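# Reading the structure
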Amino acid sequence: MENIADLQSRFGSENVNFFAAAGDLAAVKLTNDFGEASLTLYGAHVMSYTPAGAVPVLWMSEKSMFTPGEPIRGGIPVCWPWFGADPAGKFGGHGYARVSFWHMVSAARTPAGETTVTLTLCEKDVDAKFAPQPFKLELTVTLGAALTVALKIYNTGKNDLAYSGALHSYFNVADASAIKVLGLEDCEYSDKVINVEGQQAGAIVIDREIDRVYRRTSGIVKVEDPVFARTIRIAKSGSTSTVVWNPWIEKSKRMPDFGDEEYHTMVCVEAANAAAAADDRVLVPGAMAELRQMISLS
Ligand code: TA6
């Protein structure tokens, strides 16, 4: 693990403080008048986001592992260079970025009083078993009136770089069965639970396992939570596919890092580049793409 004192001396400030998170993972907490957020260098994984005076917006399983090599269950997993199953059928789901150790690049305060940090990962940082092509990722997290998470993907190699991915955000809700997910009305989707293609009729309600990849989506999604009396506003760019997921009862029981009853308090709304929506990408040598999600309360 990187040395906390060294990180603090190089990047720390009154708004940026490094600490040892669960599993002794090096992490950084951002605090300012807008609220607070935290992320581990492992996976560049946003673990928490709480606007000033609000109930936490992101959800984290009480059974999450914080073990190198294992994904963290909650917050915002960075899924790259594949979303879903490994196309080569060799490794676990959602790629190797979320199970690799990233490095701090910078921390800053913006003129608007926001706090922003950038972390980076390249092929040299990744376990050789994945045989990664040359690449560079930069993840920038900005804590302001919204929490903005921006993933830049650079093709630093001599060959085309094909990938899929997602910012796989877990949102904290009072009662999943009481929420409405708005903004995907009339969008076509692939339903991964019952393996059918469909079109969204009206608001999404959570009354069973839902695992849908919505196509041609670029608008704002809202999670209306009547019990917390709030709406989570989720904007994005660099993506035309949105994933909505709640494991519900049976799948929750099958996941060791997910409490049997925890499906009641979460929903995933993910800004994706999903192959299932023909939104996977190819970067030519020297090119860069950005996947961004902007989260706020309204
Ligand atoms: O985004 C939805 C999904 O692809 C589901 O199918 C489910 O597998 C979820 O991601 C969690 O995946 P993980 O590999 O983190 O357990």
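Keep in mind that this is a model prediction, so the values were computed, not measured.

## Thoughts on the site of the ligand
Neighbouring residues of the ligand: R73, F83, H94, R98, H168, D211, V243, W245, K251 and E270. Side-chain polar atom of R98 to an oxygen atom of the ligand: 2.8 Å apart, as the coordinates give it. In this structure, an oxygen atom belonging to the ligand sits 2.8 Å away from a side-chain N or O atom of E270. Computed on the free molecule, the ligand has an accessible area of 390 Å², of which 80% lies beneath the protein chains in the complex. Of all the cavities here, the one that holds the ligand is the largest pocket. A breakdown of the residues in the shell around the ligand according to their chemical character gives three nonpolar, two polar and five charged.

## Considering the side chain of S252
Note that S252 resides in helix 2 (residues 248–254). Assessed through its relative accessible area of 0%, S252 is described here as buried.

## Digging into the layout of surface pockets
Over the atoms rolls a probe the size of a water molecule, and in doing so it shows where empty space is left. For the largest pocket, the calculated volume is near 700 Å³. For the largest pocket, the lining is made up of 36 residues, of which P71, G92, G93, H94 and R98 are closest to its centre. Elements with a minimum of two residues in the lining of the largest pocket: strand 16 (210–214) and strand 19 (241–246). Grouping the constituent residues of the lining of the largest pocket by class yields 18 nonpolar, eight polar and 10 charged. Roughly 420 Å³ of internal volume is contained in the second largest pocket.

## Let's talk about the sheet that holds strand 4 (residues 45–51)
Pairing within the open sheet is antiparallel, and its four strands lie in the order 1-2-3-4. Unpaired on one side and paired on the other, strand 1 (16–20) and strand 4 mark the two borders of the sheet. Averaged over all pairs of adjacent strands, the angle between their axes in this sheet comes to 20 degrees, without regard to strand direction. Two strands pair when backbone bridges link them, and strand 3 (residues 35–40) and strand 4 are joined in this way by six bridges, in the antiparallel orientation. Residue pairing across strands places S38 opposite S48, the latter belonging to strand 4.

## Points about empty space enclosed by the protein
One pass over the structure, following the stated rule, counts one cavity of 30 Å³ or more. Empty space within the largest cavity amounts to approximately 50 Å³. As for the largest cavity, its lining consists of G219, V221, I234, K236, T242, V269, E270, A271 and Q293. Contributions of two or more residues to the lining of the largest cavity are made by strand 18 (230–237) and strand 20 (266–273).

## Some remarks on the pattern of salt bridges
This model, assessed by the stated rule, comprises 13 salt bridges. In this structure, R10 and D6 form a salt bridge, with 3.2 Å as the shortest nitrogen-oxygen distance. One end of the pair, R10, and the other, D6, are both in helix 1 (residues 4–11), four residues apart, so they sit about a helical turn from each other. Residue class for R10 comes out partly exposed when judged on its relative accessible area of 48%. Assessed through its relative accessible area of 33%, D6 is described here as partly exposed. Note that K124 and E123 form a salt bridge whose closest N and O atoms lie 3.2 Å from each other.

## A short note on the nonpolar core
The biggest cluster of nonpolar side chains holds 81 residues, and the ones touching the most others in it are W102 and L147. Here this core gets five residues from one element, more than from any other, and that element is strand 20. Core analysis: the second largest hydrophobic core is formed by eight residues, C79, V243, A274 and A277 among them.

Quick notes on the rules
Each residue is numbered by its place in its chain's sequence as written, counting from 1. Restriction of local features to residues with pLDDT of at least 70 applies here, the model being predicted, together with a cutoff of 80 or more for giving and counting side-chain atom pairs; totals for whole chains, interfaces and linings are based on all residues. The side-chain numbers reported here are obtained from all heavy atoms of the structure, hydrogens and water having been left aside. Any residue with a heavy atom lying within 4 Å of a molecule or strand is counted as near it. Think of a polar contact as two N or O atoms within 3.5 Å of one another; within protein, one of them needs to be a possible hydrogen donor and the other a possible acceptor, and neighboring residues in sequence only count if both atoms come from side chains. For the accessible areas, the method is Shrake-Rupley and the probe is 1.4 Å, while residue cover comes only from the protein chains on display. With a 1 Å grid laid over protein atoms only, a set of points is called a cavity when a 1.4 Å probe fits there but cannot get out and a pocket when it is open yet has protein on both sides within 12 Å along at least five of seven lines; lining residues have an atom within 4 Å of a point. A pocket or cavity is taken to hold a molecule when more than half of that molecule's atoms are within 2 Å of the pocket's grid points. Amino acids outside the nonpolar list (Ala, Val, Leu, Ile, Met, Phe, Trp, Tyr, Cys, Pro) and the charged list (Asp, Glu, Lys, Arg) are all regarded as polar, and Gly is one of them. A run of H or I in DSSP counts as a helix once it spans at least four residues, and a run of E counts as a strand once it spans at least two, with each numbered from the N terminus. Relative accessible area decides the class of each residue, using a 1.4 Å probe on protein chains only: under 20% of the type maximum gives buried, over 50% gives exposed, and in between gives partly exposed. Grid points are joined across faces, edges and corners, and a volume is the space filled by probe spheres set on the points. Any two strands are treated as partners once DSSP identifies two or more bridges connecting them. Where helices are involved, their axes are fitted lines through C-alpha atoms of the stretch in contact, as for all axes, and angles between N-to-C directions lie from 0 to 180°. The term salt bridge refers to a side-chain nitrogen of Lys or Arg lying within 4 Å of a carboxyl oxygen of Asp or Glu. Nine residue types can take part in a nonpolar core, namely buried Ala, Val, Leu, Ile, Met, Phe, Trp, Tyr and Cys, and a core is a set of them joined through side-chain atoms within 4.5 Å.

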